[in-house]
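# Coordinates in review
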Amino acid sequence: MAIHPTKTTAEASRSMTRTKAISDEKRHGQHYTPTELAQFLATQSIAHLPDHDGEFVIVDPACGDAELLLAAAEALRAGGKVNAIRLIGYDIDAEAVEIARERLGAAGLEADLIHGDFLIAQRTMPSHSVDLIITNPPYVRTQHLGQDAAQLLAAEFGLSGRVDLTHPFVTTASRLLRTDGVLGLLCSNRVLTTLSGENVRRTLLNDGLQVRELYDLGDTKLFKAAVLPAIIIASRRQPTGEMARFVSAYQVPSDNAAQAKPLFDALVDSASSTALLNGKQYEVKVGALVPPNDAKTPWRLSDASSDEWLESVEAGTWKTFGDIAKIRVGIKTTADKVFLGDAWDRTAPDVEDELLLPLITQSNVTPWSIDSQLGMKVLYPYDRGSEKRRALNIDAWPGARDYLLSHEEQLRGRKYVIEGGREWWEIWVPQRPALWATPKIVFPDISELPRFALDTTGAVVNGNCYWISLNDIGDEDLAYLMLAVANSALGVRFYDEVCGNKLYSGKRRWITQYVKRLPLPDPTTAEARQVILDARALVESNPPDSGSVASLNAAVEAAFAASKKGPQDDASAMFLF
């Protein structure tokens, strides 16, 4: 249904309270879009729409309370692109559809609002018929929809791995958008950096869409939900070779608030700056997106300073962590309350001590070393002399057997364990039993700063940490070099420039796909030998002093400088920046 917005559109729509719109409440995995964020998304998206004489068709596949449709109509009028406008919204929540209809009506707008599933309805929508798709898809893992629904979505949209509904929503855009039509997407910033975002990145690179603007809104907390948002604006057009504008915003200490700008003003500035939002200060960095050659590689913000620094590091890189050894996650029991504990003598005194192994968790790991007092132990019913998982004969351990039998109902409820060919009393991911006894590098999954430590106690590593066995590395000196780089200021900057998956308050995800990319200098140079000596000293000192850490940072920088390739060396890039 075509409508013609009037001058009162903005006033009427904003005067209507969103109380009935269930603002910011989680429904069907979705948090409704805050007004200011909706306006920003709409304004930036519509700036890329070309003028035409016909009707502008705007679709929100998950319209909720119609905030994005309202913002789009308002932005079209403000941008002078006012012809007839057709607003179309879908939502699986009938109450939300009624609220959307009421809000649009109060704003003097009409729309086609459908209570239904867009992913089904889009099958019958004509191709290349939409000017703007503006959406904040529900963040619902397809696995949570049930196996049958997830398999259908995977088959129809070519999805793989752990994906959410963002991916099929984006996949429809290339088919539905007219030439020069625009996709305005609000989603989790995990899409930019994680393996689970690979499907979206591949679609945006290969399916007829061209990214025009990209905003990583980081830890701005624009949502009440624990989601770090991103905005991606793409258009259906032939590749032009233009680099997309890439802006990021992450919280920094409030040391110069007087010079800071309002956040949304800073996001559209041409230069990097600082911004204020809700009394907190953010670094707003402005650059460009240079898409890598493959969809698995995280997208990074490119600017002259960062690129020059990365080229320098690359020139001095001998190998990466992933070249040296396998990076493993710790054990996964899927029944921690049964298998993990810090008071076994009191809660299960008959469980045999031989099966209760010390357990390293996040709280035990500091840079360079592991806490000497490990309070947690794990019931580990496996042959520790075996290279691969080999469960013990539990009947030979009557104390452990009787304890596990007391939790049999819960443990048998883990059907995937039994379907995976395991005994009902096993843990889900025991890792490599024989490798626990050998020294290993351990680091937590989530930490503001790197905490890579050397463990020589033979303890098991919990699933909130990762580990690298020295048995795989094969050279103790090389392990110390890895510790040094990972814990250094250079390692932190490399992570931020290349991986960039930060959480709230500056916390970083130290997961396999990122850590395996950390660089190493040539270990045979005199400078690298000094780094190894410094790292040994830091492991042996507890805790290390600040002067030693500063010295190590300088030594790591020197090692990469000494390792730089000469003109005669292979100059091929090791990283896909």
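Residues numbered from 1 in each chain as written. Predicted model: local features only at pLDDT ≥ 70, side-chain atom pairs only at ≥ 80, totals over all residues. Heavy atoms only, no water.

### Thoughts on the confidence of the model for the protein chain
Filter applied, for reference: What pLDDT reports is the predictor's confidence in each residue, on a scale of 0 through 100. Should any heavy atoms of two residues lie within 4.5 Å, those residues are counted as being in contact.
Here the protein chain averages 88 in pLDDT, and 87% of its residues register 70 or above. Here residues 1–17 scores under 50 on pLDDT; set against residues more than four positions off or in separate chains, the count is 41 contacts. Scored below 50 in pLDDT, residues 19–29 makes 28 contacts in the model with residues more than four places away or belonging to other chains.

### What to know about the sheet that holds strand 20 (residues 440–444)
Counted only if it meets this: A pair of strands is labelled paired if DSSP reports no fewer than 2 bridges between them. To qualify as a helix, a DSSP run of H or I must reach at least 4 residues; to qualify as a strand, a run of E must reach at least 2; elements of each kind are numbered from the N terminus.
With mixed pairing, the five strands of this open sheet are ordered in space as 15-24-20-22-18. The outermost strands of the open sheet, each flanked by one partner alone, are strand 15 (328–329) and strand 18 (368–369).

### Structural notes on the sheet that holds strand 19 (residues 377–379)
Ordered in space as 16-19-17-23, the four strands form an open sheet in which the pairing is mixed. Of all the strands in the sheet, just strand 16 (340–341) and strand 23 (460–461) have a single pairing partner and so form its edges. In the sheet, strand 17 (residues 356–360) pairs with strand 19 via three bridges, with the strands oriented antiparallel. Paired with Leu356 across the strands is Leu379, a residue of strand 19.

### Describing the side chain of Asp60
Note the following rule: Each polar contact in these results corresponds to two N or O atoms within 3.5 Å; when the atoms are within protein, one needs to be able to donate a hydrogen and the other to accept it, and residues that are neighboring in sequence are counted only if both atoms are side-chain atoms.
For Asp60, the position within the fold is in strand 2 (residues 56–60). For Asp60, the side chain forms a polar contact with the main-chain nitrogen of Ala62, separated by 3.0 Å.

### Side note on the packing of aromatic side chains
Let me state the cut-off plainly: Stacked, tilted and edge-to-face are the three classes assigned to paired rings of Phe, Tyr and Trp, where Trp is represented by its six-membered ring and a pair needs centres within 6.5 Å; plane angles under 30 degrees give stacked, over 60 edge-to-face, the rest tilted. In this analysis the charged atom, NZ for Lys or CZ for Arg, is taken to sit over a ring once it is within 6 Å of the ring centre and within 35 degrees of the ring normal.
A full pass over the atoms with the stated rule returns 13 aromatic pairs. An aromatic cluster is built from Phe443, Phe452, Tyr466, Tyr495, Trp510 and Tyr514, whose rings are joined through pairwise contacts. Against the face of Trp467 rests Arg328, its NZ or CZ located 5.5 Å from the ring centre. In this arrangement the basic side chain of Lys502 is found over the ring face of Tyr250, its NZ or CZ atom lying 5.5 Å from the centre.

### Topic: the nonpolar core
To keep it simple, the criterion reads: What makes a nonpolar core is a set of buried Ala, Val, Leu, Ile, Met, Phe, Trp, Tyr and Cys residues whose side-chain atoms join them at distances within 4.5 Å. Residue exposure (1.4 Å probe, protein chains only): buried if accessible area is under 20% of the type maximum, exposed if over 50%, otherwise partly exposed.
Counting residues in each nonpolar core, the largest one holds 49 residues, and the members touching the most others are Ile58, Leu87, Leu104, Ile231 and Leu267. A per-element tally of this core places helix 3 (residues 67–78) first, with eight residues. Leave out the neighbours within four places in its chain, and Ile58 touches Leu69, Ala72, Leu76, Ile85, Arg86, Leu87, Ile88, Leu132 and Ile134. In terms of nonpolar packing, the next biggest core, distinct from the first, is built from 47 residues, Trp309, Ala486, Trp510 and Ala559 among them.

### Quick look at the pattern of salt bridges
The cut-off we apply is this: Only one rule defines a salt bridge in this text: a Lys or Arg side-chain nitrogen within 4 Å of an Asp or Glu carboxyl oxygen.
Tallied over the full model, the rule gives 25 salt bridges. Among the ionic pairs, Lys296 bridges to Glu198, the shortest N-O distance being 3.4 Å. In this pair, Lys296 sits in the loop between strand 12 (280–289) and strand 13 (301–302) while Glu198 sits in helix 9 (residues 198–206), placing the two residues 98 residues apart along the sequence. When its relative accessible area of 49% is taken as the criterion, Lys296 is described as partly exposed. The closest approach of N and O atoms between Asp383 and Arg390, which form a salt bridge, is 2.3 Å.

### Digging into the packing of helix 11 (residues 304–315) against helix 20 (residues 489–499)
To be explicit about the condition: To define axes, lines are fitted to C-alpha atoms, for helices over the stretch in contact only, and angles between the resulting N-to-C directions are given on a 0 to 180 degree scale. Every angle not falling under 35 degrees, over 145, or within 65 to 115 is termed oblique; those three ranges are roughly parallel, roughly antiparallel and roughly perpendicular. With the far helix as reference, a near helix turned anticlockwise by less than a right angle produces a left-handed crossing, and one turned clockwise produces a right-handed crossing. The residue classification treats Ala, Val, Leu, Ile, Met, Phe, Trp, Tyr, Cys and Pro as nonpolar and Asp, Glu, Lys and Arg as charged. All others, Gly included, are polar.
Close contact between helix 11 and helix 20 brings their axes to 11 Å; oriented N to C, the two are set at 125°. What the angle tells us is that helix 11 and helix 20 run oblique. In terms of crossing hand, the pair formed by helix 11 and helix 20 is left-handed. Counted together, Ser305, Ser306, Trp309, Leu310 and Val313 of helix 11 and Leu490, Arg493, Phe494, Glu497 and Val498 of helix 20 form the full contact between these two elements. Broken down by class, the residue content of the contact of helix 11 with helix 20 amounts to six nonpolar, two polar and two charged.

### Quick word on the pairing of strand 2
Buried residues dominate strand 2, accounting for five of its five residues. In the sheet, strand 2 pairs with strand 3 (residues 85–91) via five bridges, with the strands oriented parallel. In the sheet register, Phe56 faces strand 3, and the bridge partner there is Ile85. Where strand 2 lies against strand 5 (residues 130–135), two bridges are found, and the strand directions are parallel. Opposite Ile58, over in strand 5, you have Leu132 as the bridge partner.

### Describing the packing of helix 7 (residues 166–176) against helix 9
Two numbers describe how helix 7 lies on helix 9: the axes approach to 9 Å, and their chain directions differ by 10°. Considering the angle they form, helix 7 stands roughly parallel to helix 9. Between helix 7, through Thr166, His167, Val170 and Thr171, and helix 9, the contact on the second element is made entirely by Asn199, Val200, Thr203 and Leu204. When grouped by side-chain class, the residues that make up the contact of helix 7 with helix 9 number three nonpolar, five polar and no charged.

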